[in-house]
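Overview (structure and organization)
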Amino acid sequence: SAVISQKPSRDICQRGTSLTIQCQVDSQVTMMFWYRQQPGQSLTLIATANQGSEATYESGFVIDKFPISRPNLTFSTLTVSNMSPEDSSIYLCSVENLDRVTEAFFGQGTRLTVV
Amino acid sequence: GQQVMQIPQYQHVQEGEDFTTYCNSSTTLSNIQWYKQRPGGHPVFLIQLVKSGEVKKQKRLTFQFGEAKKNSSLHITATQTTDVGTYFCAGKAGGGNKLTFGTGTQLKVEL
């Protein structure tokens, strides 16, 4: 299994500002993903964080709004830029190791409120 | 794009009653996974099914993958208050790495 540390666990931010969320894994992993989960809803994939190259974004999500970094196999960041109240949600980091098991491990999540 | 629907959306049961959630994908899946998310928590992996018609059991939980690999079910026998949470199915299609989550079923268990 993988142990994931996601920070911050929660934040309240002013509209128009940006927040960077960090995801640190205790071992090297093949795949890292970022999800959004709005209250009472399912998980929606934002993007796949690719090590050493640009992230792969899903339909409806763009790099200017959600820039992602992945400098190595154990760390990634997601920035929520120019925030509006509609960005209030839980953001989750997830990892998988395709060469061993395919289950996804999740960080504790970041509960973001934009006021 | 791929859609994964679950029914029911909510289920309230008395402790000791059985519970079933059904998962249906718009496309054929290479595998189906099930996750449990407790209130305020993050999704936790329960099981993965890969083969057509596969059935797996974990104590009171029984998981099934349909013959066409487009649907799945999770059945809990004799629910307990510790079963409370939202159950998500999630699947991958077309050999890709993207995991698409179902809409989820929220289970509440009353004494």
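Structure: above.
What this report covers is the structure whose coordinates are included nearby. As the structure is a prediction and not an experimental result, all values here were calculated from the model.

Of the consecutive residues K7 of chain A and P8 of chain A, the connecting peptide bond is found in the cis state with omega at -5°. With respect to the element layout, P8 of chain A can be found in the loop between strand 1 (4–7) and strand 2 (10–13). Cis geometry marks the peptide bond from I7 of chain B to P8 of chain B; its omega dihedral reads -5°. Counting through the fold element by element, P8 of chain B comes out in the loop between strand 1 (4–7) and strand 2 (10–14). One non-glycine residue, K59 of chain B, lies in the positive phi region at around 55°.

Attention now moves to the side chain of T86 of chain B. Residues and elements named next belong to chain B. When you line up the elements, T86 lands in strand 9 (residues 85–92). Residue T86 is classed as buried on the basis of its relative accessible area, which comes to 18%. When neighbours within four sequence positions are excluded, T86 is seen to be in contact with Y35, K36, Q37, G104, T105 and Q106.

Residue and element names in this part refer to chain A. Pairing in this open sheet of four strands is antiparallel, and the strands run 1-3-8-7 from one edge to the other. On the outer flanks of this sheet lie strand 1 and strand 7 (68–72), each paired with one strand and no other. Averaged over all neighbouring strand pairs, the angle between strand axes comes to 15°, with direction disregarded.

This brings us to the sheet that holds strand 7 (residues 61–65) of chain B. All names here are of chain B. Judged by pairing direction, the sheet is antiparallel, and its five strands sit side by side in the order 1-3-8-7-6 without closing on themselves. Since the sheet does not close on itself, it has two edges, and those belong to strand 1 and strand 6 (55–58), each with one partner. The sheet shows a mean angle of 15° between the axes of neighbouring strands, taken without regard to direction.

Residues and elements named next belong to chain A. Side chains of strand 1 alternate between two faces, with I4 and Q6 buried and S5 and K7 left unburied. Here strand 1 pairs with strand 3 (residues 19–25) via four bridges, running antiparallel. Its bridge partner lying in strand 3, S5 is registered against Q24.

This part covers the state of the cysteines. Residue and element names in this part refer to chain A. Enumeration over the complete set of coordinates arrives at two disulfides over all chains. The disulfide partner of C23 is C93, and the gap between their sulfur atoms is 1.8 Å. Because the sign of the S-S torsion sets the handedness, a value of about -55° for the bond joining C23 and C93 places this disulfide among the left-handed ones. Residue C23 is located in strand 3, and its partner C93 is located in strand 9 (residues 89–97); the two are separated by 70 residues in the primary sequence. For the pair C23 and C93, one class covers both residues: buried. Summary of cysteine pairing: C13 is not part of a disulfide, and the nearest cysteine sulfur, belonging to C23, is at 18 Å.

For the rest of this paragraph, the subject is the packing of aromatic side chains. For the coordinates displayed, the defined rule picks out eleven aromatic pairs over all chains. Judged by centre distance (6.0 Å) and plane angle (45°), the rings of F19 of chain B and Y87 of chain B are tilted. Of the two residues, F19 of chain B is situated in strand 3 (residues 19–25) and Y87 of chain B in strand 9; the sequence distance between them amounts to 68 residues. For F19 of chain B, a relative accessible area of 1% translates into the label buried. Ring centres of F88 of chain B and F101 of chain B lie 6.2 Å apart, and the angle between their planes is 80°; on these two criteria the pair is classed as edge-to-face. One end of the pair, F88 of chain B, is in strand 9; the other, F101 of chain B, is in strand 10 (residues 100–101), and 13 residues separate them in sequence. With respect to burial, F88 of chain B and F101 of chain B carry one shared label: buried. Among the aromatic residues, those joined into a ring-pair cluster are Y35 and F106 of chain A together with Y35, F45, F88 and F101 of chain B.

Procedures and definitions
In this convention, every chain numbers its residues from 1, walking through the sequence in written order. For naming, the first written chain is A and the first written ligand is 1, with later ones following in the order written. Totals for whole chains, interfaces and linings use every residue, but because this is a predicted model, local features are given only for residues with pLDDT of at least 70 and side-chain atom pairs only at 80 or more, for both listing and counting. Hydrogens and water molecules were not included; the side-chain quantities draw on all heavy atoms of the structure. Here a strand is any run of E in DSSP of at least two residues, a helix any run of H or I of at least four, and the numbering for each starts at the N terminus. Relative accessibility thresholds used throughout: buried, under 20% of the residue-type maximum; exposed, over 50%; partly exposed, between the two (1.4 Å probe, protein chains only). Note on contacts: a residue pair is in contact if any heavy atoms of the two residues lie within 4.5 Å. Strands pair, by our definition, only if DSSP identifies at least two bridges between them. To obtain an axis, a line is fitted to C-alpha atoms, over the contacting stretch when the element is a helix, and the angle between two such axes runs from 0 to 180 degrees between their N-to-C directions. We call a pair of cysteine sulfur atoms a disulfide whenever their separation is within 2.5 Å. Whether two aromatic rings pair depends on their centres lying within 6.5 Å, for rings of Phe, Tyr and Trp, where Trp uses its six-membered ring; planes under 30 degrees apart make the pair stacked, over 60 edge-to-face, and the rest tilted.

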